[in-house]
Amino acid sequence: MSRLNRRTLIVNSASAVVGTTVVGMTIAKEPQARNQIPSRELRALIKAHEGTYVAFGRAIHETGSNSRDCTQASRTEEQALVALCSYPAVSEADRRVKAKYLLKVEARGELDLKEHMQAVLRSTIWSPRT
């Protein structure tokens, strides 16, 4: 019959801790499937903004378009961008995709309204959905 003494317990515990740490680090390095793909809602908001942005560009560059068409297209694009800025990105994938997209929009000089920044900042504040 083996004797369990303090030294044996410590040696075996150390092995277990090292083994658990290695396994834990391996699991932590593997991205979780739910954090790899952005949400359907965020993808829809980005697609909507891309579409309204193209329509706005078309309204500006088309011959025969009047200022009312351009104004309406501009408002629609602005609303789509504010909706995207307002989206509360919770998952890692959502945060990454939203940030990359908004950085591209900002590089074009289009995050210029105070409403854009306010919406982005408000979207970072956690509030339970009711």
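Just so we're clear, the structure is a prediction, and the values are computed from it rather than from any experiment.

### Thoughts on helix α2 (residues 40-61)
Move 1: Between its first and last C-alpha, α2 extends 32 Å over 22 residues, near the 32 Å set by a 1.5 Å rise per residue.
Move 2: Inspection of α2 places L42, I46, H49, T52, F56 and A59 among the buried residues, and these make up the whole buried set. Along the axis of α2, the buried positions cluster into a sector of 150°, meaning they face one direction only. Residues R40, K47 and H61 are exposed on α2 and point more than 90 degrees away from its buried face.
Move 3: The inward-facing, buried residues of α2 abut α3 (67-86) and α4 (92-107).

### Examining the nonpolar core
Move 1: Listed in full, the 11 residues of the largest apolar core are L42, I46, L81, L84, C85, Y87, A89, Y101, L102, V105 and A119.
Move 2: Those residues within four positions of A119 in sequence are excluded, and the remaining contacts are V82, C85 and S86.

### Considerations on the environment of A44
Move 1: With respect to the element layout, A44 can be found in helix α2.
Move 2: Overall, the relative accessible area of 46% leaves A44 in the partly exposed class.
Move 3: In sequence terms A44 and L84 are 40 residues apart; their C-alpha atoms lie 9.3 Å from each other.

### Some details on the side chain of D94
Move 1: On the secondary structure map, D94 appears in helix α4.
Move 2: Buried and unpaired, D94 has no salt bridge, with R43 as the nearest side chain of opposite charge at 7.5 Å.

### Describing the side chain of K98
Move 1: In this fold, K98 is placed in helix α4.
Move 2: Buried and unpaired, K98 has no salt bridge, with D94 as the nearest side chain of opposite charge at 9.0 Å.
Move 3: In contact with K98, not counting residues within four places along its chain, are L42, L84, C85, S86, Y87, A89 and S123.

### Topic: the packing of α3 against α4
Move 1: For the pair α3 and α4, the least separation of the axes is 11 Å and the interaxial angle reads 145°. The element α3 and its partner α4 pack so that their crossing is left-handed. Judged by residue contacts, L81, L84, C85 and S86 of α3 engage K98, Y101, L102 and V105 from α4.
Move 2: For the contact of α3 with α4, the class distribution of residues is 6 nonpolar, 1 polar and 1 charged.

The rules behind the values
- Residues numbered from 1 in each chain as written.
- Predicted model: local features only at pLDDT ≥ 70, side-chain atom pairs only at ≥ 80, totals over all residues.
- Heavy atoms only, no water.
- Helix = DSSP H or I, 4+ residues; strand = E, 2+ residues; numbered from the N terminus.
- Expected span 1.5 Å × (residues − 1).
- Buried < 20%, exposed > 50% of the residue type's maximum accessible area, 1.4 Å probe, protein only.
- Arc of directions from axis to C-beta.
- Contact = heavy atoms within 4.5 Å.
- Core = buried A, V, L, I, M, F, W, Y, C linked by side-chain atoms within 4.5 Å.
- Lys, Arg positive; Asp, Glu negative; His and termini not counted.
- Salt bridge = Lys/Arg side-chain N within 4 Å of Asp/Glu carboxyl O.
- Axes fitted to C-alpha atoms, helices over the stretch in contact; angles between N-to-C directions.
- Left-handed = near helix turned anticlockwise from the far one by under 90°.
- Nonpolar A, V, L, I, M, F, W, Y, C, P; charged D, E, K, R; others polar.

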